[in-house]
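# Structural overview
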Amino acid sequence: MHNITLIPGDGIGPEITEAMLVAVEATGVRINWEQVEAGADVIDKYNTPLPENVLESIRKNKTAIKGPLTTPIGTGFRSVNVALRKELDLYACLRPAKSIKGVKSRFEDIDIVIVRENTEDLYAGIERQIDADTAESVKRITRGASGRIARFAFDYAVKEGRQKVTAVTKANICKFSDGLFLEACREIAQNYPQVEYNERLIDNMCMQLVQKPESYDVLVLPNMYGDIISDLSAGLVGGLGVAPGGNIGDGIALFEPVHGSAPKYKGLYKANPTALILSAVMMLKHIGEAEASIRLYKAVEEVIREGGATTCDLGGNASTRQMAEAIAEKL
Ligand code: NAI
């Protein structure tokens, strides 16, 4: 029996969470879900969008999965998603972008893994208003966090039998901050002669990814570029509805889709549950249930390839739950 923390989230979160539970249950893996609440909807109850019992539960269970949480734009409270990653030191954001047969996209053979640094850069939230017309944000990069994420990317490449790691920065312009990130990557790369190491500037990387994405393998990036390239890569394989992710630290992990709470779909039960179900695929592998993880992935793939029982973004007319039930049936 595995103890896992479950945060349904808000917006489409509860709908896709319900669907994910249907699919995971069908694998037969025994999980004791500890459900906790976070986000804007719980502020009145707990006086904070991130109650202490959420952090306690994840620290205790060591594994968690969550639906998306809304962050107010421009004003209001800071992102709970970013706070969770920082508080729990989930320093590596792992986001695979892999083509799935049957998902309409411009490319067919994409298999990229994004390794995004998750704790610093512009996401540290060091910002200030200097006067009414001027504001500034500090882009803080450290050698320690950069080396740690580079090591994670290379270890991942070795463990998963991948050939190449590409470090992506804007070190020609941000000479100190991105320069330090790049220096750390170069240093770590020397310890992994079996893995090909390359470097790209972020602007050029964007162009290359839309022109020849099949030539890329593992990408390692500072936080902000990693965030942007994650959505770009999700677009390459068919959109946010199919893009999973995991936030990983030492001995602790929180899985979640790349997408957000998609407020326009809330309550319509037509959001695609695939990204969260594929996040559960990553979670099952992480907790040592590799066989169930592969079975669940294949079931998702089969339902999508066959068509019919998919949500509208994939061309079908199934509801969120109906798609999950079709996946469960395959299992
Ligand atoms: P979003 O990812 O929620 O939605 C953008 C668009 O992508 C949607 O309008 C929809 O067309 C499509 N989409 C997303 N998920 C889908 C799904 N499961 N099925 C089908 N289509 C899907 O991004 P947006 O609108 O920028 O952000 C909405 C809220 O979510 C914001 O408050 C943002 O801060 C939050 N957010 C939370 C994240 C998290 O919890 N980790 C990550 C990203 C955004």
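Thresholds applied
- Residues numbered from 1 in each chain as written.
- Predicted model: local features only at pLDDT ≥ 70, side-chain atom pairs only at ≥ 80, totals over all residues.
- Heavy atoms only, no water.
- Domains from an automatic or database assignment.
- Contact = heavy atoms within 4.5 Å.
- Buried area = accessible area lost by both parts, 1.4 Å probe.
- Salt bridge = Lys/Arg side-chain N within 4 Å of Asp/Glu carboxyl O.
- Helix = DSSP H or I, 4+ residues; strand = E, 2+ residues; numbered from the N terminus.
- Near = heavy atom within 4 Å.
- Polar contact = N/O pair within 3.5 Å; in protein donor to acceptor, adjacent residues only side chain to side chain.
- Areas by Shrake-Rupley, 256 points an atom, 1.4 Å probe, with all protein chains shown as cover.
- Nonpolar A, V, L, I, M, F, W, Y, C, P; charged D, E, K, R; others polar.

Entries for the protein chain in the domain assignment read domain 1 (1-98 + 241-331) and domain 2 (106-236). Taking the mean C-alpha position of each, domain 1 and domain 2 sit 24 Å from one another. If you look at the interface, domain 1 gives 19 residues, while domain 2 gives 24 residues. Of the roughly 1900 Å² buried at the junction of domain 1 and domain 2 (both faces included), carbon and sulfur atoms supply 53%. The largest contributions to the domain 1 side of the interface with domain 2 come from Tyr-91, Arg-95 and Ala-97, which together make up 33% of the buried area. Our count for the domain 1 to domain 2 interface comes out at 4 salt bridges. Glu-127 is paired through a salt bridge with Arg-78; the nearest N and O atoms lie 3.7 Å apart. If you list the elements that add at least two residues to the side of domain 1 that touches domain 2, you get helix H4 (80-87), strand E4 (92-98) and strand E11 (246-249). The element that contributes the greatest number of residues to the side of domain 1 that touches domain 2 is E4, accounting for 7 residues.

Quick look at the site of the ligand now. Near the ligand, the surroundings consist of 22 residues, among which Leu-69, Thr-71, Gly-260, Ala-262 and Asn-272 are the closest. A distance of 2.9 Å separates a nitrogen atom of the ligand from a polar side-chain atom of Glu-256. Asn-272 is positioned such that a nitrogen or oxygen atom in its backbone is 2.9 Å from a nitrogen atom of the ligand. Calculation on the ligand without its partners gives an accessible area of 810 Å², and the protein chains cover 71% of this total. Of the residues in the shell around the ligand, the class split is 9 nonpolar, 8 polar and 5 charged.

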